[in-house]
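Residues per chain are reported as follows:
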Amino acid sequence: MILDTKQTDRLTQTTLKESIRYVGVGLHTGRGVSMHVCSSEINSGICFVRKDAPVGQGTIPALWHNVTDTQHCTVIRNQYGVSVRSIEHLMAALRGCNIDNAIIELDGPEVPIMDGSSRPFVSSIERAGKVHQAAHRKMIRIDKPISVWDGDKFAILTPHNTSRLTVDIDFSNPVVGYQYLSVKLTDNTFKHDLAAARTFGFMNEVGDLRKRGLARGGSLHNAIVIDEDCVINEEGLRFEDEFIRHKILDCIGDLYLAGAPILGHFHAYKPGHKLNNALVHELFRDETAWSYVSSDENNTVAMWRKLSDTTVANVMSAIRVAREWMQKVA
């Protein structure tokens, strides 16, 4: 399936017009948490602040190199050992709403799970409103292909003149199965097609997760739960393919830890938080693979023209091989 909407130019950086307060529980810790998302200055990016940490030790910039755990969620930690977990749904909402600068204050170690999606965050951001700031938006333009592999799983970033995500997932469980979706990331696409997609899990894994200190706040109110061949949530699914939509939502949140919107095509097979973060690490290892550009510098010239025919052929060959392998084992 291909989802595509007309993209509206967003030239300047934005922050929130009013602060937003959330109260909820952490999906994994099960602890109650109060969170405020507040406005911030130009070029400050997204930053988490643990208000319960010792004075001067609670600030954690939402950046890829601060990721310290990717087991069932994304966790960032600072040099003092202070961490925040489950940041991906909020990060996805900030990216999807084009919020460049924000301070997120919490009184606990985990972002509240809300209903398991980004929709509550998007709704409150829309109510609070945005302020356009006197600086051009900074973007990360992909200048050549970058890829990471983990067994049969892979994630690739290639040059593209918009922000596009193409994802395949393949689960043995028949309720999920194989799903594919490609989206061009715009305000409307995120709000209408992705934000409401909830996190999901399998009933037979709940006991083990809780023994490992995870999913202690999980419930049918904040996750889709699959038991063998059915979804046990009374209301069912919000989308027929809600699982792939949520996977793309997670990818958007993880990729925003690059520190700016990525202008390129993200293509992944069986992605997860670990693979997403590995791809961003790989990107920043190669200074020739990307460039910082401001929104006024970007244009719609097809950047594939900057690549040699051999490089393009190698990338497309890798994607073809992966797809052929998927068809054989399906």
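Here, every reference points to the structure presented above.
Below you will find a few notes about this structure. (Residues numbered from 1 in each chain as written. Predicted model: local features only at pLDDT ≥ 70, side-chain atom pairs only at ≥ 80, totals over all residues. Heavy atoms only, no water.)

**Let's talk about the overall build of the protein chain**
This is how the line gets drawn: Strands here mean DSSP runs of E at least two residues long; helices mean DSSP runs of H or I at least four residues long; both are numbered from the N terminus. By definition in these notes, contact holds between two residues if any of their heavy atoms fall within 4.5 Å. All accessible areas in this document rest on Shrake-Rupley with a 1.4 Å probe, and a residue is counted as covered only by the protein chains that are shown.
In terms of helices and strands, the protein chain carries seven helices and 22 strands. In the protein chain, the share of contacts with a sequence separation of at least 24, taken over all contacts with a separation of at least 6, comes to 76%. Within the structure as shown, the protein chain displays about 15000 Å² of accessible surface, and the carbon and sulfur contribution to it stands at 49%.

**A closer look at the packing of aromatic side chains**
Put simply, the test is: Only Phe, Tyr and Trp rings take part, Trp by its six-membered ring, and two of them pair if their centres are within 6.5 Å. Stacked means planes under 30 degrees apart, edge-to-face means over 60, and tilted covers everything else. Charge over a ring is defined by NZ of Lys or CZ of Arg lying within 6 Å of the ring centre and within 35 degrees of the ring normal.
Going through the model one piece at a time under the given rule, you end up with ten aromatic pairs. An aromatic cluster of at least three residues, connected via ring pairs, comprises Trp64, Phe284, Trp290 and Tyr292. In this arrangement the basic side chain of Lys138 is found over the ring face of Tyr292, its NZ or CZ atom lying 4.7 Å from the centre.

**Here's the deal with a nonpolar patch on the surface**
The cut-off we apply is this: Excluding any residue in a salt bridge, patches collect residues exceeding 30% relative accessible area, merging like charges within 9 Å and nonpolar Val, Leu, Ile, Met, Phe, Trp and Tyr side chains within 5 Å. Here, a salt bridge means any side-chain nitrogen of Lys or Arg that lies within 4 Å of a carboxyl oxygen of Asp or Glu.
Judged by side-chain polarity, Met203, Leu220 and Ile232 come together as a nonpolar surface patch covering roughly 220 Å² of accessible area. Relative to the helices and strands, Met203 resides in helix H4 (residues 203-211).

**With respect to the packing of helix H1 (residues 88-96) against helix H5 (residues 242-255)**
How we decide: Every axis in this analysis is a line fitted to C-alpha atoms, fitted for helices over the stretch in contact. Angles between the N-to-C directions lie between 0 and 180 degrees. Here is the rule for angles: anything less than 35 degrees is roughly parallel, anything more than 145 is roughly antiparallel, 65 through 115 is roughly perpendicular, and the remaining ranges are oblique. In this count, Pro and Cys sit with the nonpolar residues alongside Ala, Val, Leu, Ile, Met, Phe, Trp and Tyr, while Asp, Glu, Lys and Arg are called charged and the others, Gly among them, polar.
Where H1 meets H5, the closest approach of the two axes is 7 Å, and the angle between their N-to-C directions is 80°. Here H1 lies roughly perpendicular to H5, going by the angle between them. Contacts between H1 and H5 involve Glu88, His89, Met91, Ala92 and Arg95 from the former and His246, Leu249, Asp250, Ile252, Gly253 and Asp254 from the latter. Residue composition of the contact of H1 with H5, grouped by class: four nonpolar, three polar and four charged.

**Re unusual backbone geometry**
Here is the rule we go by: For the exposure calls, accessible area comes from a 1.4 Å probe over protein chains only, and a residue counts as buried if that area is under 20% of its type's maximum, exposed if over 50%, partly exposed in between.
Here the phi dihedral of Glu228 falls at roughly 55°; this positive angle occurs in a residue that is not glycine. Considering the arrangement of structural elements, one finds Glu228 in the loop between strand E18 (224-227) and strand E19 (230-231). The phi dihedral of Lys270 is positive, around 55°, even though this residue is not glycine. Considering the arrangement of structural elements, one finds Lys270 in the loop between strand E21 (265-269) and helix H6 (273-285). Using a relative accessible area of 24% as the deciding quantity, one classes Lys270 as partly exposed.

**Considering the sheet that holds strand E9 (residues 83-85)**
Cut-off, in case you're wondering: Pairing between two strands requires that DSSP report at least two bridges joining them.
Pairing is antiparallel in the open sheet, where three strands are placed in the order E7-E8-E9. Edge positions in the sheet fall to strand E7 (67-69) and E9, since each of these pairs with one other strand and no more. Geometrically, the sheet is characterised by an average inter-axis angle of 35° between neighbouring strands, direction not taken into account. Note: strand E8 (residues 75-77) against E9, three bridges, orientation antiparallel. Across the sheet, Arg77 pairs through a bridge with Ser83, a residue of E9.

**Some details on the pairing of strand E2 (residues 12-16)**
Along E2, four of the five residues are buried, which leaves the element largely enclosed by surrounding structure. Of the strand pairs in this sheet, E2 and strand E11 (residues 130-136) are connected by four bridges, and their pairing is antiparallel. The residue of E11 that forms the bridge with Thr12 is His136.

**Here's the deal with empty space enclosed by the protein**
What counts here: In the cavity and pocket records, a cavity denotes points on a 1 Å grid over the protein atoms alone where a 1.4 Å probe fits but cannot get out, a pocket denotes an open set with protein on both sides within 12 Å along at least 5 of 7 lines, and lining residues are residues with an atom within 4 Å of a point. Grid points are joined across faces, edges and corners, and a volume is the space filled by probe spheres set on the points.
With the rule as written, the count across this model stands at two cavities of 30 Å³ or more. The calculated volume of the largest cavity comes to roughly 130 Å³. In terms of lining residues, the largest cavity is bounded by 14 residues, among which Arg95, Leu165, Leu185, Leu255 and Ile262 are the most central. The set of elements that each furnish at least two residues to the lining of the largest cavity consists of strand E15 (164-170) and H5. Here the lining of the largest cavity is composed, by residue class, of ten nonpolar, two polar and two charged.

**Some thoughts on the pattern of salt bridges**
One pass over the structure, following the stated rule, counts twelve salt bridges. We note a salt bridge from Asp152 to Lys270, for which the minimum N-O separation is 2.7 Å. Separated by 118 residues along the polypeptide, Asp152 in the loop between strand E13 (146-150) and strand E14 (153-158) and Lys270 in the loop between E21 and H6 bring together distant segments of the chain. According to the relative accessible area criterion, Asp152 is partly exposed, its value standing at 26%. The salt bridge involving Glu235 is made with Arg198; its shortest N-O contact spans 2.9 Å. Taken together, the positions of Glu235 in the loop between E19 and H5 and Arg198 in the loop between helix H3 (187-194) and strand E17 (200-202) put the pair 37 residues apart, joining distant regions of the chain. Assessed through its relative accessible area of 2%, Arg198 is described here as buried. Through salt bridges with shared partners, one network takes in Arg198, Glu235 and Glu242.

**Observations concerning the layout of surface pockets**
When its volume is computed, the largest pocket comes out at roughly 1100 Å³. For the largest pocket, the lining is made up of 44 residues, of which His72, Thr199, Phe200, Glu205 and Lys247 are closest to its centre. Residue assignment for the lining of the largest pocket shows that the elements contributing at least two residues are H1, E15, E17, H4, E18, H5 and H6. Here the residues of the lining of the largest pocket sort into 19 nonpolar, 14 polar and eleven charged.

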